[in-house]
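Examination of the molecular architecture
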Amino acid sequence: MIKQLWNRIKQPIDPWLFLFTLLVFGLSVVLLYSASNRDIDKVMDKTTFMGVAVAAMWLIANVSQQNLMRLALPAYVLGVLLLVLVNVPGLGVTSHGATRWLNVGITRIQPSELMRIAMPLMLAWYFHHFEAHLNWKHFLAAAALLVLPVGLILKQPDLGTGLLIASSGFYILFFAGLSWRLIGLMILAGGGMAYTVMHWDLCIHLLHEYQCRRVATMLDPMQDPLGAGYHIIQGTIAIGSGGLLGKGWLNGTQTHLDFIPERTTDFIFAVFGEEFGLLGNAILLTLYLLVIIRGLTIANSASTLFGRLLAGAIALNFFTYAFVNMGMVSGILPVVGVPLPLVSYGGTSMVSILTGFGILMSINRDKKLMKA
Amino acid sequence: MKYQRQRAMFSRPIKGRVRPPSTNELKNPNSERYAFQLRIVVAALFVLALFGVLFARFIWLQALQHDKYQTLAEANRISLVPIQPSRGIIKDRNGIVLAHNYSAYTLEITPSKLPDNLEASIQRLNQIIEITPKDRRRFKKLMEETKDFESLPIKTRLTDEEVARFAANSYQFPGIEVKARLFRQYPMGEIASHLIGYIGRINDQDLTDLEDAGQLANYRGTDHIGKLGIEQSYEEQLHGTTGFEEVEIDSGGRAVRTLRRTQPAPGENLILSVDIKLQQIAEKAFGDNTGALVAIDPKTGGVLSFVSKPGYDPNLFVDGIDPQNWKDLNESPDKPLNNRALRGTYPPGSTFKPFMALGALEGHFRAAGYAFPDPGFFWFGGHQFRDDKVGGHGMVDMYKSIVVSCDSYYYSLANTMGIDNISRFMGLFDFGSQTGIDIDGEVTGVLPSPEWKKKRFKNPAQQKWFAGETISIGIGQGYNAYTPLQMAHATATLANNGVMFKPHLVQFIENTTNGTKTAIEPKPTKTLPFKQENLDVIHRAMVGVVKEGTGARAFAGAQYEAAGKTGTAQVFSLKGGKYSESGTKKRLRDHAWFIAYAPANDPKIALAVLVENGGFGAAAAAPIARQVLDYYLLGKEPKAPAISASDVESVTDD
């Protein structure tokens, strides 16, 4: 009886993906205890978030691919609709000069959060739907499906989220077989864009002033030593002073003398680098790599085009978040509000990442069922 | 499994291994699979490459440049210490200081750094420096209000002896320290509290607001922020720019020496148009009564006096108000925290009549010379609307209707004009909309109209406008409800022949570094196109009120020519019965109004006075206006409050 129940629980779970996830989570709990100055409440909160997120993962893992596909179109349409509603006066909430939130009475929601999952889901479904006779027109249409919400998000303006969502959609196009020549062209265009934003005079024509200031601050942190520059300076010092083996758990001076701002959330990686050093960073990178490789493996062996595309995009998306966060804390990318996946304190990010893993498991489970 | 796909120029499988794609040909599933696998491998390489870049960066920081960062972090730890700018000073028009800063020592606790629990630490601390139960209560309240904090004051304004005693024992108290802080003080206490407002400790809501405004970095090291009044609305100018000091600190976190200092830019000073002496006289004139007074320079919109009685001591709020004081202020039946001038709305009563009369002239509903025999009531729809003088005022023309405040004249006028004309005309004076004064929280009041009523009531039966309701609107009763600020603003506009200014409390913003003053330019917001001859009729009648009418007693012997109008706002509907003051409980008694401007031929000041439950305007409100005008125009200081309880008893026609 109990054995049956146990089998039912573990049946949809992919053991490898779950194991790597638990390892990163274990590391994050140890780290959070130090980063929060031994605040046991925060550790308990984080554990609760993890519990909720694992439950979400398990539930999604039980959903069949057919049902996931059925969700794609409604989720996408709802997401776009909400993004449009943000522009309606009285419904949209403006803060920081950006209109990103929707007032729904009791609380405010950020429709772009929904788009993070809805975008790859929609595009994967789209390609799957027209699988039998795919041609270049479908890629054009898919690009339009990608540009519409991304354009709305960029207009808010929210460059960081816009680019992250654009990348998740791009990954689908890539796996669906976007021509190499076009990819090459896009890389060139991206390089040109990066060059432009790094030069203030050019940037100011293209982006909002605060966005250009962020890039400028990354290139020269001393321009804004109390604001964003302070984050970069102190984060770099923390990581650099960690050395090969780190200063040891609970011994990070940068951390415990209050030098690192947002040290439990977006900048938690600075604490990690300081206390666990290059060795710790290597371990964390390896764990992340294992998660990503597992995701790509699931993509590779998926039974449907939908599963292959979606799994590949989820794996690369996870990579993007990890890379952008570590890149910004170590000073090679501008500061954008991206948490370190699975590690930063905060419930929303945990739930959305493990939801993605739930989808991976669902895709993997269907393959197993077909074999059996 | 269906791996068949058509491909065209957008998707190109690898050449050589796969046949070139052609239309209408089903492709080999294995080659499809292969193309996808290739892309998975490319993705993995992409991930590896970028993780490689990250790892190279880590090697650079942690292995190659480690010594440099080690030095930065360990031996030469540089801390950026924000230096709080000193907050701008608030002065009245004559340079008298209304809000300033002084430096004092405080004892502050950082709860997260305490070795034992908070209660035990305070207990130990108490053996060295007395911590009163009041201090504890206030500290507890501060902790509840702010979740994210660095340190909170347990005791403020330490004596030198206490500082010395703590310094000698500070090693016993990690997490507790003495800090030199700038404190805000309001030397005038209760005087002008409703216009100056106060600052208080930054709470979670303020933090969110600052973050939204992109001002968080500028508030590092700042504990206080404007919460109300001018302190709130001019926060940006008053705060200044935070400076910072790069200090070297040892491994214990103690500052060793300062390396570099970027001076803070102090906040700008505010010079008000308010005359604090006039304010004092106005506040005193109210005696123990509650109410409001707003006086405006009609030619600039500069507010000369802004009273809401009772006031409160803003100094109580600066370090976090203790719960007992808060309870007292909050639960007092006189509601001292209520800004009556800005947020209290009252029917204007008869002070509405000069505006009605002007509307009648401008809209050709009445000629100034038209007179009718006043029977003392007005019949409408089988209902008798009474005048307060039984038997009526005899033959009444427009001049007399204002001077003796004849209700029947306006009952009939309102009926002729109709509600749409009345509300359209009154809207010109900003009745029912914000005047735009430079402090937050202004309410709009109610300018009644059929549209307003439709919005106000949900029940369809109540949404309909009845012609009978228009009648009482004409004498400033019914749904009419305006703030004393709106009344003063309208009076100033009338005094200035229809040229309207936005009322403002701040006259100059003074740069503290170079002393330059920037004037808040008085620009007319609109010019109402009234005929001068019509305006003159109203001006003459309002002078008549003060010379021979309802305001004559209060202005007997005045050495200047004033124009005014008394008013009485009904608190309690008497259903046609005769109102008697002695028989009505104090809180149900009518509110007394007086509006005035002077000198009548060249107005320098326009004002509105409201005395809550004061009874008749002539007896309760007009004497306050007299004292204010006497001081402002003649420099005469009164000997006693303008009104006492006995004045409120005596009955005069209104």
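Criteria and cut-off values
- Residues numbered from 1 in each chain as written.
- Chains lettered and ligands numbered in written order.
- Predicted model: local features only at pLDDT ≥ 70, side-chain atom pairs only at ≥ 80, totals over all residues.
- Helix = DSSP H or I, 4+ residues; strand = E, 2+ residues; numbered from the N terminus.
- Buried ≥ 20, exposed ≤ 12 C-beta atoms within 10 Å, placed from the backbone.
- Contact = placed C-beta atoms within 7 Å.
- Axes fitted to C-alpha atoms, helices over the stretch in contact; angles between N-to-C directions.
- Parallel < 35°, antiparallel > 145°, perpendicular 65-115°, else oblique.
- Left-handed = near helix turned anticlockwise from the far one by under 90°.
- Expected span 1.5 Å × (residues − 1).
- Pairing = 2+ DSSP bridges.
- Core = buried A, V, L, I, M, F, W, Y, C linked by C-beta atoms within 7 Å.
- Domains from an automatic or database assignment.
- pLDDT = per-residue confidence, 0-100.
- Nonpolar A, V, L, I, M, F, W, Y, C, P; charged D, E, K, R; others polar.

Take the overall build of chain B next. The number of helices and strands found in chain B is 25 helices and 23 strands. Per-residue burial for chain B yields a buried fraction of 43% across its 654 residues. At a minimum sequence separation of 6, the contacts of chain B that also span at least 24 residues come to 75%.

A tally of regular secondary structure across chain A gives 15 helices and 3 strands. For chain A, the residues scored as buried account for 49% of the 372 residues in total. Summarising the internal contacts of chain A: among those between residues at least 6 apart in sequence, 67% fall at separations of at least 24.

With that settled, the discussion passes to the packing of helix 4 (residues 65-85) of chain A against helix 6 (residues 136-155) of chain A. All names here are of chain A. At their nearest, the axes of helix 4 and helix 6 sit 10 Å apart, and the two run at 30° to each other. By the angle between their axes, helix 4 is roughly parallel relative to helix 6. Here helix 4 and helix 6 pass one another in a crossing that is left-handed. Across from Gly-79, Val-80, Leu-83 and Val-84 in helix 4, the residues of helix 6 making contact are Leu-148, Pro-149, Leu-152 and Ile-153.

Moving on to helix 6 of chain A. All names here are of chain A. Between its terminal C-alpha atoms helix 6 stretches 28 Å, which fits the 28 Å expected from 20 residues at 1.5 Å a residue. Among all positions in helix 6, only His-138, Phe-139, Ala-142, Leu-146, Pro-149, Val-150, Leu-152 and Ile-153 are buried. Each element contacted by the buried residues of helix 6 is listed here: helix 4, helix 5 (111-129) and helix 7 (159-176).

Turning next to the pairing of strand 23 (residues 605-611) of chain B. A regular strand carries its side chains on alternate faces of the sheet. Residue and element names in this part refer to chain B. Of all the 7 residues making up strand 23, 7 are buried; the element is thus mostly covered by neighbouring parts of the structure. Two elements, strand 11 (residues 291-296) and strand 23, share 6 bridges in a ladder whose sense is antiparallel. Across the sheet, the residue bridging to Val-294 is Ala-608, located in strand 23. Between strand 22 (residues 591-598) and strand 23, which pair antiparallel in sequence order, lie 6 residues.

All names here are of chain B. With 118 residues, the main nonpolar core has Val-294, Leu-607, Val-609, Ala-621 and Val-628 as its most contacted residues. Both of domain 2 (79-268) and domain 3 (276-334 + 343-578 + 591-649) provide at least three residues apiece to this core. Apart from the residues within four sequence positions on either side, Ala-621 is in contact with Ala-592, Trp-593, Phe-594, Val-609, Leu-610, Val-611 and Gly-614.

A word on the confidence of the model for chain A. Here chain A averages 87 in pLDDT, and 94% of its residues register 70 or above. When the elements of chain A are averaged for pLDDT, strand 3 (residues 108-109) of chain A gives the smallest value, 70, and helix 13 (residues 268-301) of chain A the largest, 95.

What follows deals with the sheet that holds strand 21 (residues 563-569) of chain B. All names here are of chain B. Pairing is antiparallel in the open sheet, where 5 strands are placed in the order 12-11-23-22-21. Among the strands making up the open sheet, the edge pair consists of strand 12 (303-309) and strand 21. Pairwise comparison of adjacent strand axes, ignoring direction, gives a mean angle of 5° for this sheet. With 7 bridges connecting them, strand 21 and strand 22 associate as antiparallel partners. Paired with Gly-567 across the strands is Trp-593, a residue of strand 22.

So, on to the pairing of strand 15 (residues 383-386) of chain B. All names here are of chain B. Relative to strand 15, strand 14 (residues 377-380) runs antiparallel, the two being bridged by 4 bridges. Bridge pairing links Phe-377 to Arg-386 in strand 15. Here strand 14 folds back onto strand 15, and the loop between the two strands holds 2 residues, one of which, Gly-381, carries a positive phi near 55°.

Let us look at the confidence of the model for chain B. All names here are of chain B. A residue-level look at chain B finds 88% of positions with pLDDT of 70 or above and a mean pLDDT of 84. Element-level mean pLDDT values for chain B span from 49 in helix 25 (residues 645-649) up to 96 in helix 21 (residues 484-495). A low-confidence stretch, residues 1-26 stays under pLDDT 50, and its non-local contacts, those more than four residues away or across chains, total 42 contacts. Note that pLDDT drops below 50 for residues 649-654; the model gives that stretch 21 contacts with residues more than four away or on any other chain. Of the two predicted TM-score estimates for the complex, the pTM is 0.64 and the ipTM is 0.93.

Turning next to the environment of Ala44(B). Mapped onto the secondary structure, Ala44(B) falls in helix 1 (residues 29-64). Judged by C-beta crowding, with 19 C-beta atoms within 10 Å, Ala44(B) ranks as partly exposed. Apart from residues no more than four positions distant in its own chain, Ala44(B) is found in contact with Ile293(A) and Leu296(A).

Turning to the packing of helix 2 (residues 15-35) of chain A against helix 3 (residues 40-62) of chain A, a few remarks are in order. Residue and element names in this part refer to chain A. The interhelical angle for the contact between helix 2 and helix 3, taken along N-to-C directions, is 160°, at an axis separation of 9 Å. One element, helix 2, and the other, helix 3, form an angle in the roughly antiparallel class. Regarding helix 2 and helix 3, the two cross each other, and that crossing is right-handed. Facing Phe-25, Val-29, Leu-32 and Tyr-33 of helix 2, the residues of helix 3 in contact are Lys-42, Val-43, Lys-46, Thr-47 and Met-50. Partitioning the contact of helix 2 with helix 3 into residue classes produces 6 nonpolar, 1 polar and 2 charged.

For the bond from Lys309(B) to Pro310(B), the omega torsion is -5°, close enough to zero to count as cis. If you trace the backbone, Pro310(B) turns up in the loop between strand 12 and helix 11 (315-318). Here Ala598(B) and Pro599(B) are connected by a cis peptide whose omega angle stands at -15°. If you trace the backbone, Pro599(B) turns up in the loop between strand 22 and strand 23. The backbone of Leu342(A) shows a phi angle near 70°, a positive value even though the residue is not glycine. Assignment of secondary structure puts Leu342(A) in the loop between helix 14 (305-329) and helix 15 (347-371). Accessibility expressed as a C-beta count within 10 Å gives 26 for Leu342(A), which makes it buried.

This part covers the environment of Gly617(B). For Gly617(B), the position within the fold is in helix 23 (residues 617-620). As for Gly617(B) and Thr550(B), which are separated by 67 residues in sequence, their C-alpha atoms are 8.7 Å apart.

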